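What the coordinates show
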Amino acid sequence: MTTYRICLLPGDGIGPEITAEALKVLGVIGDRCGVTFEFEQALLGGAAIDATGTALPEATLTCAYASDAVLLAAIGGPKWDTTDPAKPRPEQGLLGIRKALGLYANLRPVRIFDALRDASSLKPEFLEGVDMLIVRELTGGLYFGARARETGVEGAGAHGAAGMRAYDTMDYREFEIERIARKAFEAARTRRNRVHSVDKANVLETSRLWREVVHRLHTAEYADVELIDQLVDNSAMQLVRYPAQFDVMVTENMFGDILSDEASMLTGSLGMLASASLGDGTALYEPSHGSAPDIAGQGIANPLAMLLSVELMLRHSFSMHEAADALAAAIENVLAEGWRTRDIADSSTLPQKTVGTDAMGSLVAERLQG
Ligand code: IPM
Ligand code: MG
């Protein structure tokens, strides 16, 4: 019998609640496919800061390295919010584990569920044909470049007085651009064969290098894929003007962070957007949303982005495509039957079909059982 080891990182806020639903669904899938999933839980983010003083304890990395995949729910919350650079922040845990595992490629599929067309903030006619994949570079750029805060900098304060100065650096090397572009071209070949490469080449040096490297690779190895350059401000506009133009969108770390939140609203809710972070070793799966501290502990969070992340894990880490398809179909069916969590409910949702986290997870698990 095949056994897969999963390192579970429930994290903060709604994290533990949606993790429970992932476990429920994986239990059914294990039985159905004759596969054993072994879970080891570890601390990340605020929960780790509270328990150990650091957002990414050594034991968490050990757990991740020893596993076939990492499933992460969400981290962060107001309790740990600080602008003091000397204090630990939950996000350091997330960025740290991405870097440590070498997860340079973050795939965020933006998929429209038929039943949720009315939940989108766009009119339904704009969603016709929308099916895109955002390929976000995840271990470079502004997130990881040199940064500092300096005090007593002459002229940095008001009226020419000494004051503080801070900087972050956007830094990219050729190989980092090439390997993420390769992921995008490869993905496009399995889809509609089109890549939008998003940059700010009219201003930034990193973007000019980005464009050169993407085009060089395209000419050398992927000339069969349609390649379109788009400036990031234009992309932000095109995403709400005509989102169906996109198949694969590849972009640097921070642009991808911003544009994927924007694109998630096409699906109706940030609670619907899954992600896979891939490198050359163990991969990590997490919803694109945060820890939603405002609704934590109330049992009302939408677990579907987490379950869709499980779907990505089944596909990318375990090659369990049949199970992944069945999970996607189960989610589709539950939505088609009218079941909604609060975030995706609208005026047409029957009150008795507005359900909480636990019920939504159970519905998906039941449909999977057949
Ligand atoms: C995301 C999140 C993270 C990011 C935060 C929590 C550090 O917004 O995964 O999109 O910016 O990458
Ligand atoms: Mg984000």
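Residues numbered from 1 in each chain as written. Chains lettered and ligands numbered in written order. Predicted model: local features only at pLDDT ≥ 70, side-chain atom pairs only at ≥ 80, totals over all residues. Heavy atoms only, no water.

Some remarks on the layout of surface pockets
By volume, the largest pocket is sized at about 510 Å³. As for the largest pocket, its lining consists of 18 residues, of which Pro-85, Arg-89, Gln-92, Arg-147 and Asp-168 are closest to the centre. Residues of the lining of the largest pocket, tallied by class, amount to 8 nonpolar, 3 polar and 7 charged. (1 Å grid on protein atoms, 1.4 Å probe; cavity = no way out; pocket = protein on both sides within 12 Å on 5 of 7 lines; lining within 4 Å. Points joined across faces, edges and corners; volume = space filled by probe spheres on them. Nonpolar A, V, L, I, M, F, W, Y, C, P; charged D, E, K, R; others polar.)

Quick look at the site of ligand 1
Surveying the vicinity of ligand 1 reveals the residues Glu-91, Leu-94, Arg-98, Arg-108, Arg-136, Tyr-143 and Asp-257. Contact between ligand 1 and Arg-98: an oxygen atom at 2.7 Å from a side-chain N or O atom of the residue. In the environment of ligand 1, an oxygen atom lies 2.9 Å from a nitrogen or oxygen atom belonging to the side chain of Asp-257. Coverage of ligand 1 by the protein amounts to 79% of the 320 Å² it exposes when considered alone. Across the shell around ligand 1, the residue classes break down as 2 nonpolar, no polar and 5 charged. (Near = heavy atom within 4 Å. Polar contact = N/O pair within 3.5 Å; in protein donor to acceptor, adjacent residues only side chain to side chain. Areas by Shrake-Rupley, 256 points an atom, 1.4 Å probe, with all protein chains shown as cover.)

Regarding the domain arrangement of the protein
Along its sequence, the protein is organised into domain 1 (1–120 + 268–370) and domain 2 (124–138 + 172–267). A C-alpha centroid distance of 24 Å is found between domain 1 and domain 2. Of the roughly 2,200 Å² buried between domain 1 and domain 2, counting both surfaces, carbon and sulfur atoms make up 57%. Looking only at domain 1, the three residues that lose the most surface to domain 2 are Tyr-104, Arg-108 and Val-110, adding up to 33% of its buried area. Viewed at the interface, domain 2 and domain 1 are joined by 0 salt bridges. At the boundary of domain 1 with domain 2, the tally comes to 10 residue pairs in polar contact (both at pLDDT 80 or more). Among the elements that take part in the side of domain 1 that touches domain 2, strand β4 (residues 105–111) stands out by supplying 7 residues, more than any other. A class-by-class count of the residues in the side of domain 1 that touches domain 2 yields 11 nonpolar, 5 polar and 5 charged. (Domains from an automatic or database assignment. Buried area = accessible area lost by both parts, 1.4 Å probe. Salt bridge = Lys/Arg side-chain N within 4 Å of Asp/Glu carboxyl O. Helix = DSSP H or I, 4+ residues; strand = E, 2+ residues; numbered from the N terminus.)

What about the sheet that holds strand β9 (residues 226–231)?
Reading across from one edge, β2-β1-β3-β12-β11-β4-β5-β10-β8-β9 is the order of the 10 strands in this open sheet, with mixed pairing throughout. At either margin of the open sheet sits one strand with a lone partner, and together these are β2 (35–41) and β9. In this sheet, adjacent strand axes meet at a mean angle of 25° when their direction is disregarded. The sheet contact formed by strand β11 (residues 274–278) and strand β12 (residues 283–287) spans 4 bridges and is antiparallel. Across the sheet, the residue bridging to Ala-274 is Pro-287, located in β12. Sitting on the sheet, helix α4 (residues 90–100) is in contact with β1 (2–11), β3 (69–74), β4, β5 (131–137) and β12, with an inclination near 150° to β12. (Pairing = 2+ DSSP bridges. Axes fitted to C-alpha atoms, helices over the stretch in contact; angles between N-to-C directions. Contact = heavy atoms within 4.5 Å.)

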